[in-house]
Amino acid sequence: MVPIPRHGALLSVAIVVAFFTSQVLCNESGPVITEEPSNRVDFSNSTGATLHCAVRGRPDPSIVWVRADDGSAIGDVPGLRKVLSNGTLIFPPFRAEDYRQEVHAQVYRCVASNPHGTVHSRDVHVRAVVAAPYETRAHDQFVIKGNAALFKCEIPSFVSDFVRVQAWVTDSGETFFLDPAGGVADGKYLVLPSGELHIKKVSSEDGFKSYKCRTVHRLTQETRLSATAGRLVISEPVGHSAPKFPNEYTATTFAKPSGISFAISCPAQAYPVPAFRWYKFSEGSRKSPVELGERVKQVGGTLIIREAKVDDSGKYLCVVNNSVGGESVETVLTVTAPLSAQVEPKVQTVEFGRPASFKCTYAGNPVKSVAWLKDGKPLNHKEEVLRIDSVGRDDKGMYQCFVRNDQESAQATAELKLGGRFEPPQLTYAFQERTLQPGPSVFLKCVAAGNPTPEITWELDGKRLTNSDRMQVGQYVTVNGEVVSHLNISAIHTNDGGYYACVASSTVGSVRHAARLNVYGLPYIRTMDKVAVVAGENMVVNCPVAGYPIDSIVWEKNGRLLPINRRQSTFPNGTLVVEGVQRSTDQGRYTCVARNTQGYTARGDLDVQVMVPPQIRSFSFEEDLLAGADTQLQCFVSKGDLPLHITWLFRGRDVSHALGVNTFKVGQRSTILNIEALTHAHSGEYTCSASNSAGEDRFSATLTVHVPPRWIIEPKDKAFALGSDAQLECKADGFPEPSLSWKKAAGRQPGDYRDLASNNPNVRVTDDGTLHITNIQKSHEGYYLCEANNGIGAGLSAVIYVRVQAPPQFKIQYRNQTARRDEDAVLECEAEGETPIGILWSKDNHNIDQTAEPRYTIREEMQGAGVHSSLSIKNTDRSDSAVYTCVATNAFGSADTNINLIIQEHPELPSSLKVLDKSGRYVELSWTPPYDGNSPITRYIVEFKLSRGNWETDGERVIVPGNHNIATVHDLRPATTYHFRIVARNEIGDSDPSDTVTIITAEEAPSGPPRNLKVEAVDQHSLRVSWKPPLREEWNGDIQGYLVGYRLASSNNTYIFETVEFSKEMGKEHHLTISKLDVYTEYAAVVQAFNKIGKGPESKEVRAYTAEGTPQKPPHDVSCNTLTSQTIRVTWSSPPLETVQGMIKGYKVIYGPSEQWFDEESKDTKITSSTETHLHGLQKYTNYSIQVLAFTSGGEGVRSNPIHCQTDQDIPEAPTSVKALVMSAESILVSWQPPERPNGIITQYTVYFKEHGKADSDAHPKKLPPSQKSYEATGLKHRDDYVFWVTASTTFGEGEPSQPVHLKLSNKVPAKIASFDDEYVATYKEDVKLECQAVGIPSPDIRWTIRGEIFEGVDRIRVLPEGSLLIRQVSRDDAGEYTCHVENAYGQDTVTHTLLIQAPPHPPEVELISTTTNSIEVKMKPSTVDDTTPIHGYTLYYKPEFSEWENVQVPASTRTYILENLWCGSRYQIYASAYNKIGTGEPSDTVNTRTKGRKPEVPEVQRFVEVSTTSITLHLNAWGDGGCPMNYFVVEYKARHQVDWTMASNQVKPSGNYVIMELTPATWYNLRISAHNNAGSSVAEYECATLTLTGGTIAPAREVPAYGAGDLPLYLNLNLIVPVVSAIVVIVLAIVIICYLRGRNAPIKEEVYQQYQYNASMPPPSTMDKRHPGFREELGYIPPPNRKLPPVPGSQYNTCDRIKRGNGGGSRGGANRGLHATWDPRRNMYEELSLHPPPGRRIPPIGNSVGSQDTLRSGGDDEICPYATFHLLGFREEMDPHQQGNNFQTFPHQNGHGSQHFGNSPASRSMPRHGSGNYYSCVAGDYTCGHTPNEGHQPRHGSGNYYSCVSGEYGPGGRPPSSTYYSTVPGDMSSDMSNSTFSPTYDDPARSDEESDQYGGSTYSGGGPYARAIDSVSQSGTAKRMSECLQQQRNNIFIKYQDANRGGNGQGSPEPPPPPPPPRNSDLPPHETTALGSSLNDSNNSTASNQFSEAECDHDLVQRNYGVKHTKSTEEMRKLLDKNEAAAHVQNGSLKMCSQAMNV
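What you see is a predicted model; the values in this text were computed from it and never measured.

The rules we used
- Residues numbered from 1 in each chain as written.
- Predicted model: local features only at pLDDT ≥ 70, side-chain atom pairs only at ≥ 80, totals over all residues.
- Heavy atoms only, no water.
- Disulfide = S-S within 2.5 Å.
- Helix = DSSP H or I, 4+ residues; strand = E, 2+ residues; numbered from the N terminus.
- Buried < 20%, exposed > 50% of the residue type's maximum accessible area, 1.4 Å probe, protein only.
- Polar contact = N/O pair within 3.5 Å; in protein donor to acceptor, adjacent residues only side chain to side chain.
- Contact = heavy atoms within 4.5 Å.
- Phe/Tyr/Trp six-rings, centres within 6.5 Å; stacked < 30°, edge-to-face > 60°.
- Lys NZ or Arg CZ within 6 Å of the ring centre and 35° of its normal.
- pLDDT = per-residue confidence, 0-100.
- Pairing = 2+ DSSP bridges.
- Axes fitted to C-alpha atoms, helices over the stretch in contact; angles between N-to-C directions.
- Salt bridge = Lys/Arg side-chain N within 4 Å of Asp/Glu carboxyl O.

A. Representation of the state of the cysteines within the structure. All chains considered together, the criterion is met by 12 disulfides. Bridging Cys1120 to Cys1205, the disulfide has an S-S length of 1.9 Å. The sign of the 100° torsion about the S-S bond sets the Cys1120-Cys1205 disulfide as right-handed. Of this pair, Cys1120 sits in strand E100 (residues 1116-1122) while Cys1205 sits in strand E107 (residues 1203-1206), and the two are 85 residues apart along the sequence. According to the relative accessible area criterion, Cys1120 is buried, its value standing at 17%. Judged by relative accessible area, Cys1205 falls into the buried class, the value being 9%.

See the structure below:
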């Protein structure tokens, strides 16, 4: 034994340590969460989120975040999630593509732990929202007029949790906001708290608005309007209808959080407008009206609840009724409140073994579950109170109560600590494992501490040791409370070895230590006690082995070494573990075997018994057991070892027989519980408990006894005084507890009981069932029913009568009563109170005496608890109007009631009906109110009808309130005659109608769209739009026409509109064909009608596609690969979708041998619908070319580029020919030709030969290289017959054998040729060798013949030694037959070869077949010279005038070809060339031709223009198209007094009509119309006036002379001057021409002379013929336009280079006058050419002083270069032999030099043209007509609208006659050029027919030395000779002109003279003519036409010698200019090019 230490110092230290340790432990605590995130955390990916979790505890707890589903800890996810050590969980902002559901849509928990326990936070639902586009929508709502409407904002479900409605916005700008406080506005519009827009009492005006909702995203704060707007579709009520809910509206269930405001809708509609009532069901299914107040309001059928409370939860019923019927709908509302929980006590310290409990108090709604956790692990406990009967050591820790519902959770924490004076045992010292020899004593020690003091026991191999002879146990307690225990073993033996353990135990716990003590010796196993194990549990046994060392310990059972199954496990230390013990397999004897290294063993047996615990089969009580019934329950133990002990418990205690509960045992495994006469006391939990030695099992069932209600206090009849407080008691009990309710009979008799009004504060029922009536009244008297019901039985009920004792009482103290005059009236009063009651009547306080008033009768009748009395008055009149009093009296007092009787009549009719205002849609009326008949007029009825209708069937009504005498009648039809009258109505009836007023409403624009709009495809570029007129009632007047708009369906561009004339045929379908559209493109079309007022609404957009075209691109990625020798696989991809122009129907694969690809007949085609196909049956080893095209319904598309694939090799065919020739007596020469189809590359030939008669197998084969075509077989038998055949081989194998040949050897060898007849094909200039291999003995003679002629030999051709013929550098002439002849003494032979020479083909022949307006058909023939090489095809070249060459490939098989899509009316050049595989041959001759057609023809005014009041209609079909389809029109207009033109449209389609709208009535307008087609354009001007408002015309405008118009001197009178001057000019011209002709002694061409005579003598307006063949040649060169001009004349009319010249300083130039006045198409001609005033106006005389010409317009930027040929913008015609393009030439100005007169010069003359005649025309002379510049021209009005100054007829007063239309473009040419600016109009000098008239007017060529003569005389050869006659005069003038240039411009530079013209064909030598012709109209070869984009400078000096020595003739001058030598003959550089002057 060890002595106990007694040192006092140690004790003191121990006490101090214990004290401080206790203080520290007392301050420690478990973790508690002080801050946790909310249940739901939603955040945007752009903002991120942070979750905080704060905890407290000592020591400081550690915090981790886990996933709520599996409890696994989470970590950082880079960029997406970060967990901080302080418990913060961070979700940073992230990109949308980085969203991860497992991170951003997860449920997390915060877990905190320290040594005292673990706690969890509530579940945190984290949801990240990625910004995604969304649209909200508002839909149309259908509502019956007068009902309420409810608009809902449709929010996509994926954002509905985050987006809420902020406001509603109308299209008129109104905004209705949501009241955040949930207030209810009293207005018409209300935004409900849930976001709906509520509209009260919908009227017709509400249907005109559209509504959009504005929403806000609560995470991003983004607001947006709904994508669609909703409208109210209001239907007028048709008859009466019962309330009806929308089809999709059913009973709903929803939850709302408390504290917010929301609405419950009841969207029923009906007519009449229904009434809505809301009810709420209480817990007992009692229905009571919803109490309305400040917090709960009702708006229409919608119930609005503000600041919702949990008490608002429940089932609500909306009842809707009207006079027709009723309907109802239920809504279940759950108002949720945030969950919260609290556990009490928060910390409790409990001693070991004492009970403890925690109570969880929670709040919130709803609560679905309650759960408890201990240290983070769930406990199987779901009650509010957690009880621990006996606290153990494991019970200490942290407890949490969790409450949950579907949306959230809450938790509270409490800590359980063990009592402070207890400390579980702890071992402070323990022994260690030891190994000993037998013999010595052993001492083992353990020291333990604890409170209470623990006891230490010792064990050996699991058995407790007790004191024995050799083993002693001792222990003592030290001063510091430790227990020291020793185990002493004396003289230890080997058998004492084993596992020793010391166990320290106390009431608060135990602790154990074990270690092995090894004693050397043989193995020994101690005896093992029998082990009993419960089935299903695990068995663990240790083998008690002693001895050392032990090598192995094993277990056996039934002689088998364990383990023998997977449930058994053995361990080296001797432990056996059996899992899930089973009696059948595991019960029995086990043997432990221990063995040492020497092989000694020891064995020990262990008996194991497996016991089965009891298991009770489930049972339950019957349902719905009532009191008094009997019940029985059996408890059966289905499993378990006997014996069993079975007992019954009730509420945890043994059943008591005192309650009549008996138990009966049935056998050993069953017992029965029997209860008789059930009462409520028997209700509770019954438990059956079964136990045996293996364990115990319990099963419980709950018994519920239902007890019907029974009275505790039954109500009785009672009487109460009026005004007192009444109390009626009614009490009952039962199970379940019954509900008590009171009802009151509806009448005086019992029955028909109804619920008491819950909104009456004076009547209430308390919880105990007592009915309280405060201030009881007579109305409370009656039968009352009290009911008690708990669902068991029929319940209880009691009926009592409550009597109220009161004096008489009237319900109504005063009322008015009306009666109609001459009818009977009955006045009634009813008094209630205690009977008997007496009644007395009085009139105006005078008692009524029935005897004095026979018309009065009084009656009385007893009714229930009162008296009913009536006063009858017969045949009432006005005197009966009075106050009648009814007085009632009984024993308790009296009362009276007054009745005011009013006698009423019908009102009189309204008067003075008149119209205040009217429009097309409404009329405002007023009238004088009539006498109301002693009854207020309740309403006026405005009756109206169409004038042709009748009042009974067609009349309509408008109701007007009775206090109004002004009414507006809406919804009328414009332009319609109506009748109106008024009827007044009061309560008695209607008055007679007023007098009828007739009103015609005003016209309006059409209100309805055209109907039946259809759009159909006509072709690939056209759509046909058809429609029918709007409904007749929507015309609102007479329809004038339609505007058809169209646009690309895929664009948002505005519509392009065209006008279509209205067809007056009723119901006729209108149509318009829209052309020039894109192929297979979807277009959208609308149509709108218009009348005189304006345009109507557009029809609904209709879309259609144009017809399908052909694919514009070929299939791409075309590839092929060879499969076999006859199969190729082809694949491709579809063409780009945007180029298909339709739907691909399929594909065509065109294929053929590449060598014959040029031959279309050699190609095959395969059609397929897929993008892959296989080509079968191909030629072997052949290169194929393959093309693929796609085709649609519109046709075939573009072919792909050819690809090439070669089929695989195969065995070849047999050689085509075989020869056998005797070479000698023993040899034979065999020769052959290659196979016709080698099917590959020949690798060898095999020659077979055998003796005749032998088998083929005996043949001798000889393999030869592929280049060898002959073989000499030697060593043959003399005179034998041999057979030969040959085969060819490829890599694929040996081919078919040739035909065998037989030959017999002979001594004679005749001459033979081994070669075969062959065809040689040689390319031009290559060498050719013709084979002739000869054999024979003697050697034969060889000779050649060429084409039948004996060959003599030339240098280029020679015979080779072996006999072949060699031809070097073959040419076409070498082609033909070549024959080789061989001969010797024994025979002769010949072979003939054909030589073909391949060369490019000869030029083909091109022949013109026909032309149309847009196509030319040509015929192509090969050259008559035969080509040996087949032609592969043709290349056809064509070029329009003034454009580039284009070409098209034509197959060789095509003989005729049509060039399509050409320009109409244009000249073309065409030639062709052929090509073959060698190359392209020479081109053919050029064919010159032109397409048919001419420019538009100007129509007559009457056919073209139609005027109305505010519009002008242009009938575009009146224009003639000249054979070329019209492209478009340009329409301009202006008021006549305005200067600038207004562009109406520059793209008017050429079909139908065009209407210029919104014009001013009764106003003169000028119109300028330009019509365009491909051949050119024509311009016409018109003057017309719109009609007056009444449809009348206005008189023609007459302009007042601007200056002295009435006092003209004789010499200024144009009527006299013009004819005289014109006659003089004609005569002078005739004399000059005759003199000139005679002076030249040359006869005039007859046709020219006659033409001139004819033109000069014909009356004006005259026409000259420019169509004679020589006319164009006389014109000289006119350069073409360069085609860089915009297509439409509009805003930019540029000249050569916008030449700006300085103002001259000369005396004649004018200070502000430009050198060149220019016509500007953008301005009125009167403004531009101020020298030529408009009709009726004069220009003041202008002198020669400086500044006298300031009125002339300065050229400025708008001037045109002199001598410039310009092309007017937008006109695309070009010159050709028959038609000249719109080239215009300006002329030099005279710079103010006034003394020169060129009136007789041919260059100054201008011949008029015939044509449309819309412009001024001057025929005779040069349009001077003798006028000076200050003389205005007075045009006359002719039938053709010509203005001619020749005839001299202008009408009286010098003004034109009155006419509505004028077409004028004035032009003038002064004969005296002084102070004059040349003013040309526009004409093409190269055109003579109608086509050449560009603007439909005449051309005027300016006078002067530089004027270009354009008439037939000046353009002919006669004009050349005439020019020489006037040469001297010209030279003089030219010199003066140069002087004027130098002096007239001051310091400026001289005016540059014109440059020389290019040469003409007729003036060049033949070879030069050809060169010029080849570049005809080629803009690339023109030096003058490619310099400028809008005009070209060209100078024509064909008939002039400007500044050149007069000794040179015109011809010499032209040649000089061709050689660029003209500059040497030009004086002072005056012949510089115009382009140089323009700095180009």
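Still more ground to cover, so stick around.
B. Quick peek at the side chain of Lys1163. Among the structural elements, Lys1163 can be located in the loop between strand E102 (1146-1153) and strand E103 (1164-1168). You can call Lys1163 buried: its relative accessible area is 12%. Polar side-chain contacts of Lys1163 include one of 3.3 Å to the backbone oxygen of Trp1157. If sequence neighbours within four positions are ignored, Lys1163 has contacts with Ile1150, Tyr1151, Gly1152, Trp1157 and Arg1199.

C. Local environment of the packing of aromatic side chains. The tally for this structure, following the rule as stated, stands at 37 aromatic pairs. By the ring-pair criterion, three or more aromatic residues cluster together here, those being Phe151, Trp168, Phe176, Tyr189 and Tyr211. Lying across the ring of Trp1157, Lys1163 places its NZ or CZ 4.0 Å from the centre.

D. The confidence of the model for the protein, seen in detail. Mean pLDDT over the protein: 77, with 77% of residues reaching 70 or higher. Under a pLDDT of 50 for its full length, residues 1599-1607 has, in the predicted model, 11 contacts with residues more than four places off or in other chains. Confidence drops under pLDDT 50 across residues 1642-2040; counting only partners more than four residues distant or on other chains, this segment forms 894 contacts.

E. Just the sheet that holds strand E39 (residues 423-429), in detail. An order of E39-E41-E45-E44 is seen for the four strands of this open sheet, with the pairing classed as antiparallel. Only two strands of the sheet have a single partner each, and these edge strands are E39 and strand E44 (471-477). Averaged over all pairs of adjacent strands, the angle between strand axes in this sheet comes to 20°, irrespective of strand direction. Relative to strand E41 (residues 442-451), E39 runs antiparallel, the two sharing four bridges.

F. The pattern of salt bridges, seen in detail. One pass over the structure, following the stated rule, counts 56 salt bridges. For the salt bridge of Glu781 with Arg748, the shortest nitrogen-to-oxygen distance reads 3.7 Å. Residue Glu781 is located in the loop between strand E74 (771-773) and strand E75 (782-789), and its partner Arg748 is located in the loop between strand E71 (739-745) and strand E72 (753-755); the two are separated by 33 residues in the primary sequence. You can call Glu781 buried: its relative accessible area is 5%. With its nearest N and O atoms 2.4 Å apart, the salt bridge here joins Arg1494 to Glu1497. The network of salt bridges with shared partners includes Asp42, Arg127, Asp161 and Arg218.

G. Spotlight on the sheet that holds strand E118 (residues 1328-1330). Spatially, the three strands line up as an open sheet ordered E118-E123-E122, and their pairing is antiparallel. The outermost strands of the open sheet, each flanked by one partner alone, are E118 and strand E122 (1357-1359). For this sheet, the mean inter-axis angle between neighbouring strands, taken without regard to orientation, is 20°. Sheet topology places E118 next to strand E123 (residues 1365-1367); three bridges connect them, and they run antiparallel. Paired with Val1328 across the two strands is Ile1367, which belongs to E123.

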